[in-house]
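# Survey of secondary and tertiary structure
Here's the letter readout for the chains.
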Amino acid sequence: MKSLVYKDTGKIELVEKPMPVLQSDRDAVVKVELSSICTSDLHIVRGFVPRANKNIVLGHEFAGTVVSVGAAVKNLKPGDRVSANCETFCGECWFCQRGFVNNCENGGWELGCRIDGCHAQYVRVPYADTGLTKLPDNVSFENALFVGDILSSGWWGAEICEIKDGDIIAVIGAGPVGLCSMLSAKLQGASKIVAIDIDETRLEIAKRENLADYFINPLKDDVCKIIKDLTQGRGADCVIEAAGAKNTFELAYKIARPNAIVAVVAMYEENQILPLPEMYGKNLTFKTGGVDASKCRELVKLISENKINTDFLITHRYKLDDIVEAYKFFESKSDGCLKIAIKN
Ligand SMILES: NC(=O)c1ccc[n+]([C@@H]2O[C@H](COP(=O)([O-])OP(=O)(O)OC[C@H]3O[C@@H](n4cnc5c(N)ncnc54)[C@H](O)[C@@H]3O)[C@@H](O)[C@H]2O)c1
Ligand SMILES: [Zn+2]
Ligand SMILES: [Zn+2]
């Protein structure tokens, strides 16, 4: 089958690989119908993900059809339409029992990082009952493409902010993850959302999709001042950092009010500085990390009930045959590209 492999050389290449087979009785093999490229895939290709294995098939964001299941898989059967979770988790270990599925003792971010992922015609999904979510008839592959990764990340970023009634949430970065954070924060009760991005096109999308109330471009505006003005001088009640740029961690703690939660969803390519003496007394809570993508069933339900729609994120389409080109195009962010749907 055709597979996009992250080679020893650090390059990506579309090659032929054998079809995946069940390796455990909790596995499923899934025919990939639609997949997408995540910014985290680019972090791997650029060599900034030390835990990524070379010579694996990339990709962890997809929807597809179950082809075969192991004997211990309880909730799925061949023919089921599913969306995938970017995390692999057993559901039983100390961390899984507490909802911290990203740190599952038997998994974590495996697909397309440690084991073969979805940028291929077929993929083996370990712990299929937790790694795949069945789709109702009124949810298409396209509707569900982002459930297990960027939508989960945005939902989780908003959740760890512990949003309370009346809260003003600042979201740094109006990329796919930031936009998903905004729609999640709104559903979780944020009173006002401030979208911050240096890319006007992306701020326009946040405006067009009615995902935020205020729109700030740090290249043109004084972000700290505007946020202070919006909050009687306090600062944002919560900040979701979904940009991951050189200066956005600093911006995040600067625009947060004392005692705020700063949720760092972005994945940095470099260490960040936390100037504790300078921020002494501000009493911030920082939460960071890889998404605990344990709400896929709830998110699919919200999509099925028309309360969430992420279709607007798909701005471009490619065929699996052209995926190397698609990676280049996605990285260029040209032509207003937000997310690419790759059809098999
Ligand atoms: N925590 C997780 O589990 C998880 C999951 C998926 C993605 N991610 C990470 O989340 C981040 C965002 O992903 P994405 O796909 O939306 O990426 P993206 O690159 O498309 O979006 C980032 C946005 O930040 C904006 N930006 C850049 N510099 C800025 C600045 N100085 N001020 C304000 N905005 C600025 C960019 O214009 C862009 O719109 C990435 O680092 C990605 O790896 C994390
Ligand atoms: Zn991802
Ligand atoms: Zn576990």
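Remember, it's a predicted structure, so these values are computed and weren't measured experimentally.

## Let's talk about the overall build of the chain
Broken down by element type, the chain carries 10 helices and 16 strands. Expected size for 344 residues packed as a compact globule is a radius of gyration near 20 Å; at 20 Å, the chain falls within 12% of this value. Referenced to the eigenvectors of the C-alpha coordinate spread, the extents of the chain come out at roughly 60 × 40 × 40 Å. For the chain, the proportion of its 344 residues judged to be buried stands at 49%. For the chain, the proportion of contacts with a sequence separation of at least 24, taken over those separated by at least 6, is 68%.

## So, the pairing of strand 10 (residues 192-196)
Regular strands show a simple pattern: their side chains alternate between the two faces of the sheet. Burial runs high along strand 10: 4 of the 5 residues are buried. Looking at chain direction, strand 9 (residues 168-172) and strand 10 are connected through 5 bridges and run parallel. Paired with Val171 across the two strands is Ala195, which belongs to strand 10. Once you follow strand 9 into helix 5 (residues 176-187) and on to strand 10, the crossover reads as right-handed. Bridge count for strand 10 against strand 11 (residues 214-216) is 3 bridges, and the pairing is parallel. Residue Val194 lies in a different strand from strand 11, and its bridge partner there is Tyr214.

## Notes on the domain arrangement of the chain
Assigned domains within the chain: domain 1 (2-146 + 310-343) and domain 2 (154-288). Computed over C-alpha atoms only, the centres of domain 1 and domain 2 are separated by 28 Å. Listed by partner, the interface residues are 9 residues for domain 1 and 7 residues for domain 2. For the side of domain 1 that touches domain 2, a count of residues per class yields 4 nonpolar, 4 polar and 1 charged.

## What about the sheet that holds strand 9?
Strand-to-strand pairing in sheets goes through backbone hydrogen bonds, with the strands running parallel or antiparallel. Sheet architecture is open: 6 strands sit in the order 11-10-9-12-13-14, paired in parallel fashion. The sheet is open, and its two edges are formed by strand 11 and strand 14 (285-288), each paired on a single side. Direction aside, neighbouring strands of the sheet carry axes that sit 20° apart on average. As paired elements, strand 13 (residues 256-264) and strand 14 share 4 bridges and run parallel to each other. Within strand 14, the position partnered with Ile261 by the bridge is Thr285.

## Observations regarding the nonpolar core
In this structure, Ile169, Val171, Val194, Ala195, Ala236 and Val239 are the most contacted members of the largest nonpolar core, which totals 110 residues. Of the domains in this structure, domain 1 (2-146 + 310-343) and domain 2 (154-288) are the two that each give at least three residues to this core.

## Examining the site of ligand 1
Neighbouring ligand 1 are 31 residues, the closest being Gly173, Gly175, Ala243, Gly244 and Ala245. Listing elements by their share of the shell around ligand 1, those giving two or more residues are helix 1 (39-45), helix 4 (147-159) and helix 5. In terms of residue class, the shell around ligand 1 is built from 16 nonpolar, 11 polar and 4 charged.

## Concerning the packing of helix 4 against helix 5
Their axes nearest at 7 Å, the elements helix 4 and helix 5 cross at an angle of 50°. Put simply, helix 4 runs oblique to helix 5. When you trace helix 4 past helix 5, the crossing you get is right-handed. Here Ile150, Leu151, Ser153, Gly154, Trp155, Gly157 and Ala158 of helix 4 come into contact with helix 5, specifically with Pro176, Val177, Cys180, Ser181, Leu183, Ser184 and Ala185.

## Regarding the environment of Ala266
Summarising the element assignment, Ala266 is placed in the loop between strand 13 and strand 14. Separated by 98 residues in the primary sequence, Ala266 and Ile168 place their C-alpha atoms 20 Å from one another. In this structure, Ala266 is in contact with Gly173, Glu241, Ala242, Ala243 and Gly244, ignoring residues within four places of it in sequence.

## Details of helix 8 (residues 248-255)
Across the 8 residues of helix 8, 6 count as buried, placing the element largely inside the fold. Every buried residue of helix 8 is listed here: Thr248, Phe249, Leu251, Ala252, Tyr253 and Ile255.

How each quantity is defined
In this convention, every chain numbers its residues from 1, walking through the sequence in written order. Lettering of chains starts at A and numbering of ligands starts at 1, both following the order in which they are written. The predicted nature of this model means local features are confined to residues of pLDDT at least 70 and side-chain atom pairs, given and counted, to a pLDDT of 80 or more, with totals for whole chains, interfaces and linings taken over all residues. Segments assigned H or I by DSSP are reported as helices when at least four residues long, segments assigned E as strands when at least two residues long, and all are numbered from the N terminus. Our radius of gyration is a C-alpha quantity, and the globule rule it is checked against amounts to 2.2 Å times the number of residues to the power 0.38. Remark: C-beta atoms are placed from the backbone, and a residue is labelled buried if 20 or more other C-beta atoms sit within 10 Å of its own, exposed if 12 or fewer do, or partly exposed between those counts. By the convention adopted here, residues are in contact when the distance between their C-beta atoms, placed from the backbone, does not exceed 7 Å. Pairing between strands requires that DSSP locate at least two bridges from one strand to the other. Clockwise travel from the first strand over the helix to the second, with the strands pointing away from the viewer, marks a crossover as right-handed. The domain limits used here are those given by an automatic or database domain assignment. As a working rule, the residues Ala, Val, Leu, Ile, Met, Phe, Trp, Tyr, Cys and Pro are called nonpolar, Asp, Glu, Lys and Arg charged, and the rest polar, with Gly in that last group. With axes taken as lines fitted to C-alpha atoms, and helix axes fitted only over the stretch in contact, angles between N-to-C directions fall between 0 and 180 degrees. Residues of type Ala, Val, Leu, Ile, Met, Phe, Trp, Tyr and Cys that are buried and joined through C-beta atoms within 7 Å form what is called a nonpolar core. Being near a molecule or strand means, for a residue, that its backbone-placed C-beta atom lies within 6 Å of it. These descriptions rest on fixed angle ranges, namely under 35 degrees for roughly parallel, over 145 for roughly antiparallel, 65 to 115 for roughly perpendicular, and the rest for oblique. Helix crossings are classified by the rotation of the near helix relative to the far one: an anticlockwise turn of less than a right angle makes the crossing left-handed, while a clockwise turn makes it right-handed.

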